[in-house]
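# Secondary and tertiary structure notes
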Amino acid sequence: MGIMQISAFLSCFRQQQYEALFSAECINALTHIENKYGTWLSPKVIYETELCNHCKNIDFSVQLLSMDPLIGDYWLEFDYDEYCCGQKMTPSVFYNASAFVVSSEWWTNYQTHMEKYIGSDRATSLETQLKKTVVALDGFCSSLFQIGKMDSRGEKKSVRIYTRDMSHEHLINYLQKMQWTGDYSLISQWMTQLKKINERLEFTVSFDVMPDRISSKIGIEFTIPLSAMTYYEDIKNALNLFIQQGVCVPEKAEDIIRWSNAPAFQLENQKIINMITHIKLQFDSDKMLKAKCYLGQIPKRNP
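The structure reproduced in this document is the subject of the present report. Note that the coordinates shown come from a computational prediction; the quantities given were computed from them, not determined experimentally.

## A closer look at the overall build of the protein
Looking only at helices and strands, one finds nine helices and 13 strands in the protein. Taking 303 residues into account, the globule formula puts the C-alpha radius of gyration at 19 Å, and the protein, at 19 Å, falls close to it. C-alpha extents for the protein along the principal axes are approximately 50 × 40 × 40 Å. Burial analysis of the protein (303 residues in total) assigns 53% to the buried set. Within the protein, counting contacts between residues at least 6 apart in sequence, those at least 24 apart form 67% of the total. Of note, the protein has its 31 positive side-chain charges centred 1 Å away from the centre of its 35 negative side-chain charges.

Put into structure tokens, the structure is as follows:
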């Protein structure tokens, strides 16, 4: 795994032009993050863009390595509305939870870690619902993917859960088991269309866990592996589907395709590679809210 300073990623980013995705004001505002965190080391950064509108602001996320072997790594996410002025930067935190194995003893096994990372008061208030949420995954996936807290957004009494990849059928069955109150046919139609692009696609579902329920708002995410033979074609076909369904601005799709095809950027003894880390569809009850694309950068050492 390569690693480099956050400032190096941002230096590379500033030298690329994607006018449909990023405004000059947004690019300049990233300086506020660089001034505070620029010397920190990271193996990956992500620039998040909404596809369904002409907004050119981005949320910025950075992966950091953890000294806790159970966690391994975690992510800080900076919302544009916070870092744009530079006065307040309290990022959301998403912990790697892939080692949190699903079982009936899940809470007993990981209660100490949950209290450490989300706080003992929040862990206590969410204990019953978290147990239900995780134990219900048994038979659908082996572990969680991430556990996030978004205090900067005022969400101090909930956590966000991300599952591991699941099949279309398992995801629907899991949400039914959790008594999600949304439109199952709507999300099923979307997953069916995406599976036509690549039949190997699996899906992650994310939602907020509150003391008495899970949120009606959910995210369904999918990743097209960089190693896939059809990587570029699959990205193009997914974006074309979004354009046809009216949830993606064509100009943004064009720039995302250019991003994914960009040559590696040489920086001292390493190269920085552009990639599409994943795409998210957001739903709330019986509506699809938006589609988002997550544009990643990773370092690769020269041979």
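Right, picking up where we left off after that structure.
## Quick word on a nonpolar patch on the surface
Together, Ile3, Leu41 and Leu65 give the surface a local cluster of nonpolar side chains, amounting to about 250 Å² of exposed area. Following the sequence through the fold, Leu65 ends up in strand E4 (residues 59-65). When its relative accessible area of 46% is taken as the criterion, Leu65 is described as partly exposed.

## Some remarks on the pairing of E4
Of all seven residues making up E4, six are buried, and the element is well covered by its neighbours. Alignment of strand E3 (residues 45-50) against E4, held across four bridges, turns out to be antiparallel. Bridging from a neighbouring strand, Glu48 pairs with Asp59 of E4. Where E4 meets strand E5 (residues 73-78), six bridges bridge the pair, whose relative direction is antiparallel. Across the sheet, Leu64 pairs through a bridge with Tyr74, a residue of E5.

## Quick word on unusual backbone geometry
Residue Gln179 is not a glycine yet carries a positive backbone phi of 60°. Inspection of the secondary structure assignment puts Gln179 in the loop between helix H6 (168-177) and helix H7 (184-197).

## Focus on the environment of Asp284
With respect to the helices and strands, the residue Asp284 is situated in strand E12 (residues 270-284). On the basis of relative accessible area, Asp284 is assigned to the partly exposed category, the value being 25%. Setting aside anything within four residues of it in sequence, one finds Asp284 in contact with Ser216, Lys217 and Leu289. At 2.6 Å, the side chain of Asp284 forms a polar contact with the side chain of Ser216. Within the structure, the side chain of Asp284 is placed 3.4 Å from the side chain of Ser285, a separation counted as a polar contact.

## What to know about the packing of aromatic side chains
All told, the structure shown has 25 aromatic pairs when counted by the stated rule. Seen from their ring centres, Tyr80 and Tyr83 are 5.3 Å apart, and the 85° between their planes marks the pair as edge-to-face. Of this pair, Tyr80 and Tyr83 both sit in helix H3 (residues 80-83), separated by three residues, roughly a single helical turn. You'll find Tyr80 and Tyr83 in the same group, each marked buried. Here Trp106 and Tyr110 contribute two aromatic rings whose centre-to-centre distance is 6.1 Å and whose plane-to-plane angle is 55°, an arrangement assigned as tilted. Highlighted residues: Trp106 and Tyr110, both in helix H4 (residues 106-118), separated by four residues, approximately one helical turn. By relative accessible area, Trp106 is classed as buried at 1%. Judged by relative accessible area, which is 11%, Tyr110 ranks as buried. One aromatic cluster is present, built from ring pairs that chain together Phe13, Tyr18, Phe22, Tyr47, Phe60 and Trp259.

## Observations regarding the side chain of Ser42
The topology assignment puts Ser42 in strand E2 (residues 41-42). Polar side-chain contacts of Ser42 include one of 2.7 Å to the backbone oxygen of Gln63.

About the cut-offs
- Residues numbered from 1 in each chain as written.
- Predicted model: local features only at pLDDT ≥ 70, side-chain atom pairs only at ≥ 80, totals over all residues.
- Heavy atoms only, no water.
- Helix = DSSP H or I, 4+ residues; strand = E, 2+ residues; numbered from the N terminus.
- Rg over C-alpha atoms; globule rule 2.2 N^0.38 Å.
- Buried < 20%, exposed > 50% of the residue type's maximum accessible area, 1.4 Å probe, protein only.
- Contact = heavy atoms within 4.5 Å.
- Lys, Arg positive; Asp, Glu negative; His and termini not counted.
- Charge placed at Lys NZ, Arg CZ, Asp CG, Glu CD.
- Patch = residues over 30% accessible without salt bridge, like charges linked within 9 Å, V, L, I, M, F, W, Y side chains within 5 Å.
- Areas by Shrake-Rupley, 256 points an atom, 1.4 Å probe, with all protein chains shown as cover.
- Salt bridge = Lys/Arg side-chain N within 4 Å of Asp/Glu carboxyl O.
- Pairing = 2+ DSSP bridges.
- Polar contact = N/O pair within 3.5 Å; in protein donor to acceptor, adjacent residues only side chain to side chain.
- Phe/Tyr/Trp six-rings, centres within 6.5 Å; stacked < 30°, edge-to-face > 60°.

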